[in-house]
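# Geometric and topological summary
Listed below are the residues making up each chain.
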Amino acid sequence: GTVFGNGVGIVVLKRLRDALADGDNVRAVIRGSAVNNDGRGKLGYTAPGLDGQVEVLRKALRAAQIPANSVTFIEAHGTGTALGDAVEFAALTTAYPARNSGEPLCALGSVKTNIGHLDAAAGISGLIKTVLALEHREIPPTLHFEAPGDTIPMKGSAFFVPTRATAWESGAGPRRAAVSALGIGGTNVNVILEEAPDRQVM
């Protein structure tokens, strides 16, 4: 189920080249983002829309100019509702198809298992969590998870749900993550994040 609350989050955004030139502490890089609205293309005002979610996920990947299989953590909106989570997972499995043998699976989590649904601050809380995970190079656990529901066909997908903190292996390229935020009126947002570039210490 969903536990509602209120919150606020603040992040400072700056062009990467300017931040590096100014010697700022860069915690993560936004590679790309996308936003859309399902409009009339769903069952009702509060119902999630599959097509709109798939579109925004693919659009964010195109904006970031990266392949889907280079993303190894996704911060889902994860409302904890049977319909909402089933539609979100279906959209994710469409935009992020099953991995080839040897490719790392993608961890799937939601900060709502830690702090509940913070309404208008739900998206920014997921973004902050993911930035911190990239900075510390650690996949955080999803609290209270035991097994996926009947409407979440995890087996054979590109995803797994981490139940304990684990080191975030980099693989062949930089660590990358995606963050989803879905509005009750049909607004879908997805942001692609990448770990901050290494800096030479002088």
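Presented here is a report on the structure given in the accompanying data block. (Residues numbered from 1 in each chain as written. Predicted model: local features only at pLDDT ≥ 70, side-chain atom pairs only at ≥ 80, totals over all residues. Heavy atoms only, no water.)

Once that is clear, we can look at the side chain of T72. Mapped onto the secondary structure, T72 falls in the loop between α2 (50-64) and β2 (73-75). On the basis of relative accessible area, T72 is assigned to the buried category, the value being 14%. There is a polar contact of 2.9 Å between the side chain of T72 and the side chain of W168. Look past the residues within four positions of T72 in its chain and what remains in contact with it is R99, P104, L105, C106, A107, I139, W168 and R176. (Helix = DSSP H or I, 4+ residues; strand = E, 2+ residues; numbered from the N terminus. Buried < 20%, exposed > 50% of the residue type's maximum accessible area, 1.4 Å probe, protein only. Polar contact = N/O pair within 3.5 Å; in protein donor to acceptor, adjacent residues only side chain to side chain. Contact = heavy atoms within 4.5 Å.)

Now for a nonpolar patch on the surface. The grouping of V11, L13 and I30 at the surface amounts to a nonpolar patch, some 270 Å² of accessible area in total. If you trace the backbone, I30 turns up in strand β1 (residues 28-37). For I30, a relative accessible area of 41% translates into the label partly exposed. (Patch = residues over 30% accessible without salt bridge, like charges linked within 9 Å, V, L, I, M, F, W, Y side chains within 5 Å. Areas by Shrake-Rupley, 256 points an atom, 1.4 Å probe, with all protein chains shown as cover. Salt bridge = Lys/Arg side-chain N within 4 Å of Asp/Glu carboxyl O.)

Attention shifts here to the pattern of salt bridges. A complete count under the given rule lists nine salt bridges for this structure. Salt-bridge contacts for D22 lead to K14; the nearest nitrogen and oxygen are separated by 2.7 Å. A salt bridge links E195 to R175, with the nearest nitrogen and oxygen atoms 2.8 Å apart. Residue E195 is found in strand β8 (residues 187-195), and its partner R175 is found in the loop between β6 (166-167) and β7 (176-182); the two are separated by 20 residues along the sequence. Of the residues examined, E195 reaches a relative accessible area of 11% and is grouped as buried.

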